[in-house]
Amino acid sequence: MTKTPASSYPDISDILARKAEGRQESKRRSFGEKIAAMEALRERLAPLRLARQQRREPEKS
Amino acid sequence: MGMKQTLDVINRMEADGIIGRYAIAGAVAAYNYIEPTVTEDLDILVSFDERSAAQSGLVTLGPIFSWLKTNGHDEFRNEGVMIAGWAVQFLPVANDLDAEALARAEKIDVQIAGDAVTTRVLRPEHLVATALRVGRPKDLIRIAQFIEEQAVEIPVLCGVLERHKLGPMWTAFCARTGIADPCGLHGLP
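Since the model is a prediction, treat every value here as computed from it, not as a measurement.

(A) Examining the overall build of chain B more closely. In terms of helices and strands, chain B carries nine helices and seven strands. Taken along the three principal axes of its C-alpha coordinates, chain B extends 50 × 45 × 25 Å. Taking the contacts inside chain B whose residues are at least 6 apart along the sequence as the reference set, 61% of them involve residues at least 24 apart.

(B) Seen up close, the overall build of chain A. Scanning chain A from N- to C-terminus turns up two helices and zero strands. Relative to a compact globule of 61 residues, whose C-alpha radius of gyration would be 10 Å, chain A shows 21 Å and is clearly more extended. Dimensions of chain A along its principal axes, counting C-alpha atoms only, are 55 × 45 × 15 Å.

(C) Seen up close, the interface of chain B and chain A. Contacts between the two partners involve 14 residues from chain B and, on the opposite side, 14 residues from chain A. It is strand S6 (residues 106-112) of chain B that contributes the most residues to the side of chain B that touches chain A, four residues altogether. Residues that form the side of chain B that touches chain A fall into these classes: nine nonpolar, three polar and two charged.

(D) Representation of the packing of helix H6 (residues 124-134) of chain B against helix H8 (residues 154-163) of chain B within the structure. All names here are of chain B. Remark: H6 packs on H8, axes separated minimally by 9 Å, with the N-to-C direction vectors making an angle of 45°. By the angle between their axes, H6 is oblique relative to H8. Here H6 and H8 pass one another in a crossing that is right-handed. Taking contact as the criterion, the partners of Glu 125, His 126, Val 128 and Ala 129 in H6 are, on H8, Val 156, Leu 157, Val 160 and Leu 161. Partitioned by chemical class, the residues of the contact of H6 with H8 number six nonpolar, one polar and one charged.

(E) Here's a closer look at the domain arrangement of chain B. Residues and elements named next belong to chain B. By domain assignment, chain B separates into domain 1 (3-122) and domain 2 (125-177). With centres defined by C-alpha atoms, the gap from domain 1 to domain 2 works out at 23 Å. Contacts between domain 1 and domain 2 engage 11 residues on the former and 11 residues on the latter. Contributions of two or more residues to the side of domain 1 that touches domain 2 are made by helix H2 (26-30) and helix H5 (96-103). The biggest single contributor to the side of domain 1 that touches domain 2 is H5, with four residues. A per-class count over the side of domain 1 that touches domain 2 returns seven nonpolar, no polar and four charged.

(F) Geometry of the packing of H5 of chain B against H6 of chain B. Residues and elements named next belong to chain B. Relative orientation of the contacting elements H5 and H6 amounts to 160°, with a least axis distance of 10 Å. One way to sum up the angle between H5 and H6 is to call them roughly antiparallel. Helix-helix and strand crossings are classified by hand; for H5 and H6 the assignment is left-handed. Along its contact with H5, which presents Leu 97, Glu 100 and Ala 101, the element H6 presents His 126, Ala 129, Thr 130 and Arg 133. Within the contact of H5 with H6, the residues separate by chemical class into three nonpolar, two polar and two charged.

Definitions and limits used
- Residues numbered from 1 in each chain as written.
- Chains lettered and ligands numbered in written order.
- Predicted model: local features only at pLDDT ≥ 70, side-chain atom pairs only at ≥ 80, totals over all residues.
- Helix = DSSP H or I, 4+ residues; strand = E, 2+ residues; numbered from the N terminus.
- Contact = placed C-beta atoms within 7 Å.
- Rg over C-alpha atoms; globule rule 2.2 N^0.38 Å.
- Nonpolar A, V, L, I, M, F, W, Y, C, P; charged D, E, K, R; others polar.
- Axes fitted to C-alpha atoms, helices over the stretch in contact; angles between N-to-C directions.
- Parallel < 35°, antiparallel > 145°, perpendicular 65-115°, else oblique.
- Left-handed = near helix turned anticlockwise from the far one by under 90°.
- Domains from an automatic or database assignment.

And the structure:
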């Protein structure tokens, strides 16, 4: 019986570290900066929210 | 249109006596302390004239909505009234925890995209205690964020939890999330 070779996966620790650093940066922003960032994000997400609402509407009816 | 304009309207309501003292609560208040998450709503914890509430035992939001309608804000979304792009939910003080949270809310000056506005925000320990009491999955995640990001003063939080008899819920939360209980309330009611 042949052994299945062990899977090898890339090391993503540097990616995770950068993400953690980004979260820290985001946390350190001022209250006003966070609000402005969230308002901008909400605008960018608006089409997705609309699409979700439209998907849900036929389910309800 | 944006949060600055929303807060300007709410400040005018307070100045006109339509609402009493108010403070930002919920997810937006948490922005003041931890990494922000997207939300559609702006929760406003608000007090009313104590005499009128004590007489009837009821609090009505009628005067708020009437004033807002007169001032051009009559669109509702997600149970909130739309003010300058935010669905604002007015939450009357409904228990001792709310009353303490509002009394101790912090007055701050906020700069949003270059414009300044003054407002109040609930303190982190009261946000955590309220989230614990509400107890939805997203509230519990927020509590974990506050703890992980060391955004609460632990002795202050423990005092709030003890005063408002949230010991058992706190102990259960710590057990469920694997957080070492920093208060050591051991389920005290």
